[in-house]
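Summary of the model geometry
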Amino acid sequence: LPEEFRQALPVMEQIETAGYEAYFVGGSVRDVLLGHPIHDVDIATSAFPAEIKEIFPRTVDVGIEHGTVLVLTEDSQYEITTFRTESTYQDFRRPDQVSFVRSLEEDLKRRDFTINAFAVQDDGNVIDLFEGLADLANKTLRAVGNPHERFHEDALRMMRGLRFVSQLGFSFEEETFEAILENHALLGKISVERIFIEFTKLLLGDYRKAAIEQFVATECYQYCPGFRDKGANLLTFAALPTPAFTSEAAAWAVLLDHLGLAVEEVSPFLRQWKVSNEFRRECRELVWGIKRRKENLFTAMDLYRLQEHALTVEEVLPYYDQAGQVGVTKEALDALPIHQLSELAVNGNDLLQATGRKPGPWLKEVLSYLEQAVVEKRSENDKTTLLRLAMAYTKE
Ligand code: ATP
Ligand code: MG
């Protein structure tokens, strides 16, 4: 057992002493078997939520309607979820009803892929009801049970499958692939926020190329906002040799540029994906930077506008066709004389005093003029010098 699991053993034992079953389940088991680092340890149990709360003095109801109770121990915390089945999916996205059950098998049967449906006992024994170990060895993503039914029940599973292709480098088993192709239109029933989360994980995976190709081949892309007629663009994007993207915004910006969006189209496009204003702004700046940098090396004013985004652009751009010259570095960015307007040695008040004029639009214009002069090193960032420059400018 890996360290993260061993730390949880006292919790498992307490559940078992009370007369219930407890197992490690979910993505952490898959990742341990693959030798990947794990993030969260999930525990499944035959005990009902109220019974878990009787066993442990310190718990938090984080998702009690799905059967999840957070158990706090001295040095850690664990999500403990009661075995459950999800019955009667009417609308292709969420179960109408969650039923708690005492059977591990029932719980594992409702999981999406065989490699996500293991249970590990406290002695390290792996329970593998669906030949997931063979699928792990063959790098195969296979739906648990009948794939048509499973994607029909919950269409998000198709996007989850695609992001596992990207994160793990696995391929779909044939029937699973066919079932996704056949049911891809059901993605239209899933909220864009949930699709965004899975698709963004897909964009950041090491095996992005294969995953985007499958995203296109299964036609799932047709039911993602704004992608309908962009199959060819997505494939061009897939072919980029860029190593795994290091941020969500960088990945999206390169994608959006490949979709052929103009800078001013970025924000409206992302609005359909219901992302935050901040994320939309960041992507727009990056797309601006990418387009600009494709034409020319960054000027001092470009760097001043983009700040850290300039480095992100330099990171992704060499992988475009027109591999650029050596671009800016962190040192070049740090070496800018100023990084924001507040660092300018004069402000609006100084200008009002020096000129004796009334406030107006001229003020902003003069400040921009001085700002640019300093950024481009045509003037020292020094009050006397700048005021002299401002007087000359306003007299023109
Ligand atoms: P990650 O490592 O990214 O957390 P994960 O497989 O653990 O991947 P989670 O969303 O944390 O993904 O879900 C935990 C487990 O719950 C999954 O491994 C799977 O067994 C099950 N699961 C999650 N979402 C679904 C779903 N939509 N349908 C069926 N089972 C699911
Ligand atoms: Mg998980």
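Okay, so let's go over this structure. Just so it is clear, the model here is predicted, and its values are computed rather than measured.

What counts and how
The numbering scheme is per chain: residues are counted from 1 as the chain's sequence reads. To label them, take the chains in the order written and letter them from A, then take the ligands in the order written and number them from 1. Two thresholds apply to this predicted model, a pLDDT of at least 70 for residue-level local features and 80 or more for giving and counting side-chain atom pairs, whereas whole-chain, interface and lining totals are computed over all residues. In computing side-chain values, all of the structure's heavy atoms are included and hydrogens and water are not. Helix and strand labels come from DSSP, where a helix needs a run of H or I of at least four residues and a strand needs a run of E of at least two; each type is numbered from the N terminus. Values of the radius of gyration come from C-alpha atoms, whereas the globule rule sets the reference at 2.2 Å times the count of residues to the power 0.38. With a 1.4 Å probe rolled over the protein chains alone, any residue whose accessible area is under 20% of its type maximum counts as buried; one over 50% counts as exposed, and the rest are partly exposed. Any two residues whose heavy atoms approach within 4.5 Å at even a single point are treated as in contact. Here, Shrake-Rupley sampling with a 1.4 Å probe gives the accessible areas, and only protein chains in the shown set may cover a residue. The rule for pairing is simple: two strands pair if DSSP sees at least two bridges between them. We call a residue near a given molecule or strand whenever any one of its heavy atoms falls within 4 Å of it. Here a polar contact is recorded for every N or O atom pair within 3.5 Å, except that within protein the pair must consist of a potential hydrogen donor and a potential acceptor, and residues adjacent in sequence are included only if both atoms are side-chain atoms. Only protein atoms enter the 1 Å grid used here. Points where a 1.4 Å probe fits but cannot escape make up a cavity, open sets with protein on both sides within 12 Å along at least five of seven lines make up a pocket, and a residue lines them when an atom lies within 4 Å of a point. A cavity or pocket is said to hold a molecule if more than half of that molecule's atoms lie within 2 Å of its grid points. Under the convention adopted here, Pro, Cys and the residues Ala, Val, Leu, Ile, Met, Phe, Trp and Tyr are nonpolar, Asp, Glu, Lys and Arg are charged, and Gly plus all remaining residues are polar. Put simply, a disulfide is two cysteine sulfurs that come within 2.5 Å. The term salt bridge refers to a pairing of a side-chain nitrogen on Lys or Arg with a carboxyl oxygen on Asp or Glu at a separation within 4 Å. An axis is simply a line fitted to the C-alpha atoms; with a helix, the fit covers only the stretch in contact. Between two such axes, the angle follows the N-to-C directions and lies from 0 to 180 degrees. Orientation categories follow fixed angle ranges, with anything under 35 degrees roughly parallel, anything over 145 roughly antiparallel, 65 to 115 roughly perpendicular, and all other angles oblique. Handedness of a crossing is defined here by the sense of rotation of the near helix relative to the far one, left-handed for an anticlockwise turn of less than a right angle and right-handed for a clockwise turn.

In this section: the overall build of the protein. Within the protein one finds 20 helices and 11 strands. Relative to the compact-globule value of 21 Å for 396 residues, the protein shows a C-alpha radius of gyration of 28 Å, a clear excess of over 25%. In terms of overall dimensions, the protein has a C-alpha envelope of 85 × 50 × 35 Å along the principal axes. Sorting the 396 residues of the protein into buried and exposed places 47% on the buried side. Sequence separation of at least 24 residues holds for 62% of the intrachain contacts in the protein that already meet a minimum separation of 6. A total of about 19200 Å² of accessible surface is found on the protein, and carbon and sulfur atoms cover 47% of it.

This paragraph deals with the pairing of strand E5 (residues 77–82). Of the pairings in the sheet, the one linking strand E2 (residues 42–45) to E5 comprises 4 bridges and is parallel in character. Counted as the bridge partner of Thr45 is Thr82 from E5. Here 5 bridges tie strand E4 (residues 68–72) to E5, and the two strands are oriented antiparallel to one another. Pairing of Thr68 across the sheet is with Thr81, part of E5.

Okay, the site of ligand 1 next. Among the 15 residues in the neighbourhood of ligand 1, the closest are listed as Arg30, Asn116, Asp154, Arg157 and Arg163. In this structure, Arg30 approaches ligand 1 through a side-chain N or O atom, which is 2.8 Å from an oxygen atom. Arg160 places a polar side-chain atom, nitrogen or oxygen, 3.0 Å from an oxygen atom of ligand 1. When the free accessible area of ligand 1 is taken as 600 Å², the share hidden by the protein chains comes to 79%. Judged by the fraction of its atoms near the pocket grid, ligand 1 is located in the largest pocket. Put simply, the parts of the chain that give the shell around ligand 1 at least two residues each are helix H2 (27–34) and helix H7 (156–168). Here the shell around ligand 1 gets 4 residues from one element, more than from any other, and that element is H7. Residue composition of the shell around ligand 1, grouped by class: 1 nonpolar, 4 polar and 10 charged.

What follows concerns the state of the cysteines. Under the definition given, this model contains 0 disulfides. Residue Cys220 stays outside any disulfide, its sulfur separated by 7.2 Å from that of Cys224, the closest cysteine.

What follows is about the side chain of Glu198. Take Glu198: it is sitting in helix H9 (residues 192–204). Of the residues examined, Glu198 reaches a relative accessible area of 6% and is grouped as buried. Beyond its immediate stretch of four places on either side in the chain, Glu198 contacts Leu156, Met159, Arg160 and Arg163.

Bringing the pattern of salt bridges into the picture now. In total, this model carries 24 salt bridges according to the counting rule given. Arg30 is the partner of Asp31 in a salt bridge, and the nearest nitrogen-oxygen pair spans 3.1 Å. For the residue pair Asp31 and Arg30, the accessibility class agrees, reading buried in each case. With its nearest N and O atoms 3.3 Å apart, the salt bridge here joins Asp107 to Arg110. Of the two residues, Asp107 and Arg110, both sit in the buried class. A network of salt bridges, in which partner residues are shared, links Arg150, Glu153, Asp154 and Arg157.

Moving on, we get to the pairing of E2. Direction of pairing for strand E1 (residues 22–25) relative to E2: antiparallel, over a ladder of 4 bridges. Within E2, the residue paired with Tyr23 across the bridge is Ala44.

For the pair helix H18 (residues 348–355) and helix H20 (residues 383–395), interaxial distance at closest approach is 11 Å and the crossing angle is 60°. One finds that H18 runs oblique with respect to H20. Judged by the twist between their axes, the crossing of H18 over H20 is right-handed. Mapping the contact onto sequence places Asp350, Leu351, Ala354 and Thr355 in H18 and Lys383, Leu387, Ala390 and Met391 in H20.

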